[in-house]
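Topology and contacts: notes
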Amino acid sequence: QVQLVESGGGLVQAGGSLKLSCAASGGIARLNAMGWYRQAPGKQRELVAGITRGGSTNYADSVKGRFTISRDNFKNTVYLQMNSLKPEDTAVYYCNADVILMERLRSLKVWGQGSLVTVSS
């Protein structure tokens, strides 16, 4: 059973930093694009940052220059380094991956369980 397990969320003061990690496991042949999304209370889930297998990245305008997405293909892990955090960054952060399974090379989009990031002013 493929799964994404997130870690690294928590409470931080405005201006501080946090690093989220998301490790994929379970019957994986290949991980293609991976990304981080967030959902604040009362708002829709939005893309924060994405990264291709080759390392090309894209960011939401609201986090450009503050957040950095990276990945380790050997560890099947994606990271989100968040610096200069603002109260408006408070949300549940979800990782996402386009997975190719070893089982008949099926493709599947998988979500992590979510990590709460709270930024106090």
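You'll find the structure just up there.
Quick summary incoming for the structure in this document. Position labels on residues start from 1 in each chain and follow its written sequence. With pLDDT at 70 or above as the cut-off, local features in this predicted model cover only qualifying residues; side-chain atom pairs require 80 or more to be listed or tallied, and sums for whole chains, interfaces and linings still use all residues. Working from all heavy atoms in the structure, the side-chain values ignore hydrogens and water.

Details of the overall build of the protein
Worth spelling out the cut-off: In this description a helix means any DSSP run of H or I spanning at least four residues, a strand means any run of E spanning at least two, and both kinds are numbered starting from the N terminus. Note on method: radius of gyration uses C-alpha positions; expected globular size equals 2.2 Å times residues raised to 0.38. Each residue's exposure class comes from its accessible area (1.4 Å probe, protein chains only) as a fraction of the maximum for that residue type: buried when under 20%, exposed when over 50%, partly exposed otherwise. Here, residues are in contact when the closest pair of their heavy atoms is within 4.5 Å. Under the convention used here, a 1.4 Å probe and the Shrake-Rupley method define accessible areas, while residue burial counts only the protein chains that appear.
Helix and strand content of the protein: zero helices and 11 strands. When its helices and strands are written in sequence order, the protein yields β-β-β-β-β-β-β-β-β-β-β. For the protein, the C-alpha radius of gyration of 14 Å lies close to 14 Å, the compact-globule estimate for 121 residues. Once the C-alpha set of the protein is aligned to its principal axes, its extents read approximately 50 × 25 × 25 Å. When each of the 121 residues of the protein is scored for burial, the buried share is 40%. Considering only contacts within the protein whose residues lie at least 6 apart along the sequence, 55% involve residues at least 24 apart. Summed over its atoms, the accessible surface of the protein is roughly 6,500 Å², and 49% of this surface lies on carbon and sulfur atoms.

Looking at the pattern of salt bridges
The line we're drawing: What makes a salt bridge here is a side-chain nitrogen of Lys or Arg within 4 Å of a carboxyl oxygen of Asp or Glu, nothing more.
Summed over all chains, the structure comprises seven salt bridges. Lysine 64 is paired through a salt bridge with aspartate 61; the nearest N and O atoms lie 3.1 Å apart. Given a relative accessible area of 64%, aspartate 61 falls into the exposed group. A cluster of three or more residues bridged by salt bridges with shared partners is formed by Arg38, Glu46, Arg66 and Asp89.

Structural notes on the pairing of strand E5 (residues 46–51)
Put simply, the rule reads: Note: two strands are recorded as paired if DSSP finds a minimum of 2 bridges between them.
Sheet topology note: the strand E4 (residues 28–39)/E5 ladder contains five bridges and is antiparallel. If you follow glycine 35 over to E5, its bridge partner there is glycine 50. Counting the residues between successive antiparallel strands, the hairpin from E4 to E5 contains six residues, one of them, glycine 42, with a positive phi of roughly 75°. The sheet contact formed by E5 and strand E6 (residues 57–59) spans three bridges and is antiparallel.

Observations regarding the packing of aromatic side chains
Which entries qualify depends on this criterion: For this analysis, a ring pair means two rings from Phe, Tyr or Trp (six-membered ring only for Trp) whose centres lie within 6.5 Å, classed as stacked if their planes differ by under 30 degrees, edge-to-face if by over 60, and tilted for the remaining angles. Note on criteria: charge over ring means Lys NZ or Arg CZ within 6 Å of the ring centre, with the direction from the centre no more than 35 degrees off the ring normal.
Tallying each qualifying case throughout the model produces one aromatic pair. It is lysine 19 that lies over the ring of tyrosine 79; its NZ or CZ is 4.8 Å from the centre. Of note, arginine 45 hangs over the ring of tryptophan 111, and the distance from its end group to the ring centre comes to 4.7 Å.

Description of the environment of alanine 60
Considering the arrangement of structural elements, one finds alanine 60 in the loop between E6 and strand E7 (67–72). Residue classification places alanine 60 among the buried residues on the basis of a relative accessible area of 18%. For the pair alanine 60 and leucine 85, spaced 25 residues apart in the sequence, the C-alpha separation amounts to 14 Å. Ignoring anything within four residues of it in the chain, the contact list for alanine 60 reads Leu47 and Val48.

So, to be careful, I would describe these as geometric facts and stop short of saying anything about function.
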